[in-house]
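# Structural overview for review
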Amino acid sequence: MSEIAKTQDLVEEGGNQCRKRSHTNIEHCTKRAKLDDMSSSEKKASFSILNTNSNGNSIALKLASSMTKPGATAKKLVIKNFKSKPNLPENYQETTWSKLREAVIAIQTSKSIDYSLEELYQAVENMCSHKMASQLYVNLTNLVEGHVKSNIEQFLSESMDRQVFLKRMNDCWKAHCRQMIMIRSIFLYLDRTYVLQNPSIHSIWDMGLDLFRHHIAMNTLIQTRTVDGLLLLIERERGGDSVDISLLKSLLRMLSDLQIYQDAFEHKFLQATERLYAAEGQRLMRELPVPEYLAHVEKRLREENERLLHYLDPCTKWQLIHTVERQLLSEHLTGILSKGLESLMDGPRLHDLTTLYNLFSRVKDGLNELCNHFNAYIKKKGRTIVIEPERDKTMVGELLEFKEQLDNIVTGCFQRNDRFLYSMREAFEFFINQRQNKPAELIAKFVDLKLRAGNKEATEEELERLLDKIMVLFRFIHGKDVFEAFYKKDLAKRLLVGKSASVDAEKSMLSKLKQECGGGFTCKLEGMFKDMELSKDINVTYKQHLAASQESSSLDLSVYILTMGFWPTYPPVEIRLPAELTRHQDHFGKFYLAKHSGRKLQWQPTLGHCVLRAHFAQGKKELQVSLFQALVLLLFNDGDNLSFEDLKANTNIEEGELRRTLQSLACGKARVVCKSPRGREVADTDTFTFNGDFVNKLFRIKINQIQMKETTEEQKATEERVFQDRQYQIDAAIVRVMKMRKALSHNLLISELYNQLKFPVKPADLKKRIESLIDRDYMERDKDNPNQYNYVA
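Keep in mind that this is a model prediction, so the values were computed, not measured.

### With respect to the overall build of the chain
A tally of regular secondary structure across the chain gives 29 helices and 12 strands. Long-range pairs, those at least 24 residues apart, make up 70% of the contacts in the chain between residues at least 6 apart in sequence.

See below:
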C-alpha cells in the first residue's frame with residue numbers, strides 16, 4: 001500500500017496544478033458566454049488525464065465544473081485509486097532473471113546478447129517496481145562472484161614468466177572492468193533505486209571491484225607475484241632498460257582502484273627505493289667528483305618526478321622524493337662539502353654552486369651545513385691572504401677580488417640568502433683582524449695609490465665604484481684609527497706635492513669616511529682641505545701686496561699655510577737656501593704675521609717643489625723639480641764639476657736624502673747631471689757635472705724624486721703615534737665615565753669602556769690607564785672596597 005499511496009500523492013499534486021489551470025479556463029468561458037449572449041443554462045466542463053505507468057496501469061483524473069450562472073465556482077478535483085492491482089504473469093521473476101542471467105553470461109564470455117539492451121533494462125525496472133530488487137541484487141552478485149572465481153586458476157601456475165603473468169593480470173583486470181561497465185548499464189535502474197535506498201550495500205561497480213579484490217588481488221600468491229613483477233619492472237627502468245610503461249601504469253592504477261596500493265605495493269616499493277639509492281649514494285660518493293655527483297642527484301630526482309607523472313600514484317610523491325633526498329643528499333652532506341666545496345668556490349663554478357644550493361635547500365639542515373662550510377672556507381682563504389707578509393703588496397687587490405667573487409656567488413648562486421650574506425660579513429671581519437693594524441695600513445696605501453695623479457687606469461665612474469668596494473673592506477677593520485693615521489699622511493703628500501688625481505675623488509672618499517665613521521673621524525682631514533683653500537686666498541693676497549709695494553723679482557713664491565693640529569708632524573730640517581729664496585721667505589713671514597699676530601711659522605723644505613729655467617745646447621727648458629733637486633742644480637751655476645762632499649756642504653741636506661736626490665738627477669730618465677764614475681749607487685767619492693748636452697722633446701720636463709720606501713722605523717713611528725693617541729682616548733673615556741657615574745666598580749667600568757672605545761683594546765691596557773689616572777689624582781680607590789673607584793673632582 002505504501003507504493004500506491006506515494007503515487008496518489010504525486011497525482012494529487014498534479015491535480016492541484018490542473019485545478020488552477022481549470023479555474024482560469026472557466027473564467028475565460030464565462031466572459032465568452034456574456035459576449036455571445038448565451039443562455040444562462042448550466043454548462044459543465046469535464047477534463048480527463050490518463051497517465052500510463054510502466055506496469056500498464058492507468059490513473060483517471062476527473063474534473064467537473066458547473067457554470068450555471070456567472071460567478072459560479074468550480075467543483076473540487078477528486079482522485080481515486082484503482083479498485084484492484086494488476087496481476088503479474090506466473091513465473092515472471094524466474095523467467096525475467098533467466099533472460100538477464102543469459103545476458104550477463106554472454107557479456108562475461110564475450111558473446112553476443114540475444115536481447116536488446118532496452119528490453120533488458122525494462123525487465124530490470126519492472127522487477128524493481130514489484131519488490132524483486134533484493135533478490136535480483138543477490139543473484140547478480142553470485143553470478144559475478146562465480147565468474148571472478150573462475151579466473152583465479154590461470155594465475156596459479158608457478159612456471160609462468162613474470163612478464164607474461166603481469167600481462168595476463170592486466171588483461172583480466174581490463175576485461176573485468178569492461179564487463180562491469182556493460183553489466184552496470186543494464187542494471188542501472190537497480191543501482192539508482194535499490195542501492196541508493198540501502199547504504200549498507202555496494203553499488204554494482206563497487207561490488208565488482210570488491211569481488212575482484214577479495215578473490216584475485218588479495219590472494220597471497222597472486223598479490224606477491226604481481227607486486228614483485230612491478231618492482232622488477234621499475235628496477236629495470238631505473239637501470240636504463242626499456243620497459244612497458246603502459247603495463248606499469250595500468251596495473252598500478254588497478255591497485256589504486258582496488259584500494260590496496262599502499263598496503264600491497266607502496267611500502268615494498270619505498271623499501272626497494274631506499275636500498276637502491278643507499279647503495280648508489282655510497283658507491284658514487286667514492287667514484288665521482290662532486291660536480292658529477294650533484295648532476296647525478298639532480299637527474300635521479302627528475303626521473304622520480306617523471307615516474308610520478310607517468311605511472312606512480314600521486315600519494316607516493318612526498319615519501320619517494322624524501323627517500324631519494326635522504327639517501328643521496330642528507331646522508332652525505334658533510335662528505336659532499338668537505339670533498340668539493342673548496343674547488344667549486346675556487347673556480348668559481350657558478351652553475352655547480354647553484355645546483356649545490358638548490359639541492360641542499362631541499363633537505364633538513366642542508367643550508368645550515370652549506371653556510372657553515374662557506375664561512376669556514378672564507379676564513380681559511382682570507383687568513384692566508386692577510387697573514388702572509390710576502391703578499392702585502394697584493395693584499396688589498398686580492399681581498400677586493402675575493403670579496404667580488406663571493407658577492408657574485410651569494411647573489412647568483414645562493415639567491416642572496418640573508419644567512420649567507422651575514423656569514424660572509426662575519427668571516428671577513430674575523431680574518432681581516434687576525435693581523436693587527438697591517439690591513440688598515442695597506443688599505444690606506446691602496447687608496448693613496450688609486451687617488452694619485454699618475455693613476456690613469458680607471459675613469460671617474462670606475463674609480464668611484466672602486467672606492468665603494470674599498471669602503472666595504474674598511475668597515476670590517478677594527479683599528480680604524482690606524483687607517484686614519486696612514487691615510488692622513490698620504491693625503492698630505494698628495495695635496496702638498498700636487499699629486500692628487502681629482503679633487504672630486506678626494507672629497508668623495510672623505511664623504512664616504514664621514515658617513516661611515518662620523519664627523520669626529522674626518523674633522524682633521526677636512527681641516528687639511530680648508531687649509532689648502534685658505535692658502536690659495538693668502539697667496540692671492542700676497543701677490544697683490546707685492547704688486548702694491550712695487551717689489552719686482554724673478555722668483556714667484558707660493559706658500560701653503562698648514563695648521564699643525566690637522567697635518568702630520570714633520571721633523572724640522574735645517575738646509576742652506578739661496579739668499580734670494582731666504583729673503584722671500586722672510587718677506588712672506590712678515591706679511592703673514594702682520595695679519596695674524598701671535599702665530600708662529602715653521603718652514604718645511606722637505607715638501608717644497610720648484611720650476612727652474614735651464615739653458616742646454618738644444619735650447620731653453622723648464623725643469624719641474626723638488627726643492628732639494630733645485631738646491632743641487634742651482635749649485636752648478638757656480639761650478640761645472642762638484643763632488644759629493646761639496647754638494648753636501650753647500651746644501652746641508654741629510655746624507656741619505658742627498659744620495660736619492662742625486663740619483664734622480666743623474667740616474668733617472670731625465671739625466672740633467674752626469675755622474676762619474678757611472679753607476680746606480682752614489683758613493684762619497686763620486687763627482688757630478690752639469691749635462692749641457694741634455695736632449696728632450698718636451699719644453700717642461702718633470703724630474704721625479706726617488707721616493708724612499710717607507711722604512712720599518714717610519715711605520716713603527718706611525719703606529720707609535722696611533723698607540724699614543726689611543727692612550728689619550730682611553731684616558732678621556734675613563735674620566736668621562738667616572739665624572740658622570742662618580743663611583744663605579746672595576747668590572748662595570750671596563751664594560752662601559754668597551755662600549756665607548758672604537759678600537760680593539762686588552763683589559764691589561766685598560767688597567768694600566770686606570771692606574772695612571774689614580775697616580776695623577778683623577779680618581780681613587782674606595783677605602784672600604786678596593787674593587788671600586790671614586791671620581792676625584
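Next, the rest of the story.
### Considering the packing of helix α10 (residues 261-287) against helix α12 (residues 317-328)
For the pair α10 and α12, the least separation of the axes is 8 Å and the interaxial angle reads 20°. Judged on the interaxial angle alone, α12 and α10 are roughly parallel. Seen from above, α10 lies across α12 with right-handed handedness. When α10 is examined against α12, the residues E266, F269, L270, T273, E274, Y277, A278, E280 and G281 are found in contact with a partner set consisting of Q319, L320, T323, V324, R326, Q327 and L328.

### Quick look at the packing of aromatic side chains
Counted under the stated rule, the structure contains 24 aromatic pairs. Their ring planes at 75° and their centres at 5.8 Å tell us that F155 and F165 sit as a pair that is edge-to-face. With F155 in the loop between α4 (133-150) and α5 (162-186) and F165 in helix α5, the pair connects residues that are 10 residues apart, well separated along the chain. Judged by relative accessible area, F155 falls into the buried class, the value being 0%. Feature note: the residues Y377, F402, F428, F431 and F476 constitute an aromatic cluster, connected by ring pairs. Between K99 and the ring centre of Y115, over which it is positioned, the NZ or CZ distance is 5.5 Å. Residue placement shows K480 over the ring face of F474; its charged tip is 5.4 Å from the ring centre.

### Re the side chain of S502
Considering the arrangement of structural elements, one finds S502 in the loop between α20 (480-497) and α21 (503-517). Owing to a relative accessible area of 17%, S502 belongs among the buried residues under this scheme. Only 3.2 Å separates the side chain of S502 from the backbone nitrogen of D504, close enough to count as a polar contact.

### Let's talk about the side chain of K488
Mapped onto the elements of the fold, K488 is located in helix α20. Of the side chains with opposite charge, E484 comes closest to the buried, unpaired K488, at an N-O distance of 5.5 Å. Look past the residues within four positions of K488 in its chain and what remains in contact with it is K524, L525, M528, F566 and P568.

### Remarks on the sheet that holds strand β4 (residues 609-616)
Strands sit in the order β4-β5-β9 across an open sheet of 3 strands; the sheet is mixed. The open sheet has two edge strands, β4 and β9 (700-702), and neither has a second partner. When strand polarity is set aside, the average angle formed by the axes of neighbouring strands in this sheet is 25°. Here β4 pairs with strand β5 (residues 619-626) via 8 bridges, running antiparallel. Paired with C610 across the two strands is V625, which belongs to β5. Across the face of the sheet, helix α24 (residues 627-635) comes into contact with β4 and β5 while running at roughly 135° to β5.

### Focus on the sheet that holds strand β11 (residues 779-781)
Spatially, 3 strands are ordered β10-β12-β11 in an open sheet, and the strand pairing comes out antiparallel. If you trace the sheet from one side to the other, it starts and ends with β10 (743-745) and β11, each paired once. Across the sheet, the mean angle separating the axes of adjacent strands is 25° when strand polarity is ignored. As paired strands, β10 and strand β12 (residues 788-791) are joined by 3 bridges and run antiparallel to one another. Note on β12: the bridge partner recorded for A743 is N790.

### Topic: the confidence of the model for the chain
The share of residues in the chain with pLDDT of 70 or more is 87%, and the mean pLDDT across the chain is 82. Counting contacts from residues 1-68, a segment whose pLDDT is below 50, to residues more than four positions away or on other chains yields 72 contacts.

### Considerations on the environment of T355
By the secondary structure assignment, T355 is in helix α14 (residues 350-360). For the pair formed by T355 and L294, sequence separation is 61 residues and the distance between their alpha carbons is 7.0 Å. For T355, the residues in contact, after removing those within four places along its chain, are L294 and E298.

### A few points about α12
For α12, which comprises 12 residues, the first-to-last C-alpha distance of 17 Å matches the rise-based estimate of 16 Å (1.5 Å per residue) to within 8%. Of all the residues in α12, the buried ones are L320, I321, T323, V324, E325, Q327 and L328. Residues of α12 that are buried sit in contact with α8 (220-238), α10, α11 (290-310) and α13 (333-346).

### Some thoughts on the pairing of β12
Inspection of the sheet shows β11 paired to β12 by 3 bridges, in the antiparallel sense. Bridged to E780 within β12 is N790. Turn length for the β11-β12 hairpin, with the two strands adjacent in sequence and antiparallel, is 6 residues.

So, how was this worked out
Residues numbered from 1 in each chain as written. Predicted model: local features only at pLDDT ≥ 70, side-chain atom pairs only at ≥ 80, totals over all residues. Heavy atoms only, no water. Helix = DSSP H or I, 4+ residues; strand = E, 2+ residues; numbered from the N terminus. Contact = heavy atoms within 4.5 Å. Axes fitted to C-alpha atoms, helices over the stretch in contact; angles between N-to-C directions. Parallel < 35°, antiparallel > 145°, perpendicular 65-115°, else oblique. Left-handed = near helix turned anticlockwise from the far one by under 90°. Phe/Tyr/Trp six-rings, centres within 6.5 Å; stacked < 30°, edge-to-face > 60°. Buried < 20%, exposed > 50% of the residue type's maximum accessible area, 1.4 Å probe, protein only. Lys NZ or Arg CZ within 6 Å of the ring centre and 35° of its normal. Polar contact = N/O pair within 3.5 Å; in protein donor to acceptor, adjacent residues only side chain to side chain. Lys, Arg positive; Asp, Glu negative; His and termini not counted. Salt bridge = Lys/Arg side-chain N within 4 Å of Asp/Glu carboxyl O. Pairing = 2+ DSSP bridges. pLDDT = per-residue confidence, 0-100. Expected span 1.5 Å × (residues − 1).

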